[in-house]
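Single-letter residue listing:
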Amino acid sequence: IKNMKNIILQHWTGGLGPLELASKENIEKYALQCNAEYQLIEGNQFRSWLSPPCQKLIMLDERFDQYEDVCMVDMDMFVVKNIKNNIFDVPGVGLNSATQKTLFASMLEHKKYKKYMYKDGPFWGGAIWKFTNAQRKQLRKFIVDDEMKIFTQNYVDEGIIHRLASQAGLKQIDIPEEWCWGNCFPGYEKAKMIHIRHKFKFEGPKVPKFEVFTQLKQEGIF
């Protein structure tokens, strides 16, 4: 359908802290720039008995069928300053960097999970998902509540989406890493969207994410 709008979603269960509020402001402003709508979904609206990360699957809900592309972004994600690119012009579903490849390999070997896994199926990290209208409708057909339960504590949204996408026949088309760059890796100043981690450097000690965000803001990244 021509002229369908796109939408960027974020999800959060519980009270919004300073980091989440800053991310909401940043992403909402970016949605406007992309001529897309924005919505923050709060609480366990997908399946109340699944853990909060799994609630991001609300993006598959029929309420969003009026949109062409739906993009779900975590609440520790930030678009860099002066970005000109539109995420909806970027091909791909999600991130599949070295971290995701390692995680996927461990899931394939895991006694509890391997029977739910597809060795040749697509796998993406959960910090950013982007699905077309047709992909979302296809994924929705394969939702089985009992199969999602297994992922609620471990591997969460990533495990569920892997299973649905494998059954739906989705191809492993990845969003470029610059759209979900962990700040603890070198080169973040060239990224388009930064995923705030608990560390300034990969080998470094853990620090609060808001501290990392504040530092990057002072550096003029946001």
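Just above, that's the structure.
So, here is what we can say about the structure in this document. This structure is a prediction, so every number in the text was calculated from the model and none was measured.

Procedures and definitions
Residues numbered from 1 in each chain as written. Predicted model: local features only at pLDDT ≥ 70, side-chain atom pairs only at ≥ 80, totals over all residues. Heavy atoms only, no water. Helix = DSSP H or I, 4+ residues; strand = E, 2+ residues; numbered from the N terminus. Rg over C-alpha atoms; globule rule 2.2 N^0.38 Å. Buried < 20%, exposed > 50% of the residue type's maximum accessible area, 1.4 Å probe, protein only. Contact = heavy atoms within 4.5 Å. Areas by Shrake-Rupley, 256 points an atom, 1.4 Å probe, with all protein chains shown as cover. Lys, Arg positive; Asp, Glu negative; His and termini not counted. Charge placed at Lys NZ, Arg CZ, Asp CG, Glu CD. Pairing = 2+ DSSP bridges. Axes fitted to C-alpha atoms, helices over the stretch in contact; angles between N-to-C directions. 1 Å grid on protein atoms, 1.4 Å probe; cavity = no way out; pocket = protein on both sides within 12 Å on 5 of 7 lines; lining within 4 Å. Points joined across faces, edges and corners; volume = space filled by probe spheres on them. Nonpolar A, V, L, I, M, F, W, Y, C, P; charged D, E, K, R; others polar. Parallel < 35°, antiparallel > 145°, perpendicular 65-115°, else oblique.

Turning our attention to the overall build of the protein. The helix and strand tally for the protein stands at six helices and seven strands. Taken from N to C terminus, the helices and strands of the protein fall in the order β-α-β-β-β-α-β-α-α-α-β-β-α. Here the C-alpha atoms of the protein give a radius of gyration of 17 Å, agreeing with the 17 Å that 2.2 N^0.38 yields for 222 residues. Dimensions of the protein, computed from the C-alpha atoms along their principal axes, are close to 45 × 45 × 30 Å. Counting over 222 residues, the protein shows a buried share of 53%. Considering only intrachain contacts with a sequence separation of at least 6, the fraction spanning at least 24 residues in the protein is 75%. Counting only carbon and sulfur atoms, one obtains 52% of the accessible surface of the protein, whose full area is about 11100 Å². Here the protein contributes 31 positively and 27 negatively charged side chains, and the mean placements of these two sets differ by 2 Å.

One open sheet accounts for three strands, arranged β4-β7-β6; its pairing is mixed. In the strand order of this sheet, the two ends are held by β4 (77-79) and β6 (181-182), each with one partner. Summarising the sheet, β4 and strand β7 (residues 193-195) pair through three bridges and their orientation is antiparallel. Each bridged residue has a counterpart across the sheet, and for Met77 the counterpart in β7 is His195. Running at roughly 40 degrees to β4, helix α1 (residues 18-33) makes contact with β4 and β7 of the sheet.

Another aspect to go through is empty space enclosed by the protein. The method is simple in principle: a probe with the dimensions of a water molecule rolls over the atoms, and the space it marks as empty is what remains. Using the criterion set out here, one finds one cavity of 30 Å³ or more in the structure. If you add up the space inside the largest cavity, you get close to 50 Å³. Lining of the largest cavity is provided by Phe142, Ile143, Val144, Glu147, Met148, Phe151, Ile160, Arg163, Leu164 and Gln167. Counting residues per element, the ones that place at least two in the lining of the largest cavity are α4 (145-149) and α5 (156-168). Its residues assigned to classes, the lining of the largest cavity comprises seven nonpolar, one polar and two charged.

In this fold, Thr152 is placed in the loop between α4 and α5. The class for Thr152 is buried, based on a relative accessible area of 12%. Beyond its immediate stretch of four places on either side in the chain, Thr152 contacts Trp49, Leu50, Ser51 and Cys54.

Right, let's get into unusual backbone geometry. Although it is not a glycine, Asn35 adopts a positive phi angle of roughly 55 degrees. Examined against the element boundaries, Asn35 turns out to sit in the loop between α1 and β2 (37-42). Given the relative accessible area of 57%, Asn35 is considered exposed. In this model, Asn82 sits at a positive phi of 60 degrees, which is unusual for a non-glycine residue. Here Asn82 is to be found in the loop between β4 and α2 (98-109).

Their axes nearest at 9 Å, the elements α1 and helix α6 (residues 209-218) cross at an angle of 45 degrees. Classified by the interaxial angle, the pair formed by α1 and α6 is oblique. Of the residues in α6, those touching α1 at Pro18, Leu19 and Ala22 are Lys209, Phe210 and Phe213. Residue classes in the contact of α1 with α6 are distributed as five nonpolar, no polar and one charged.

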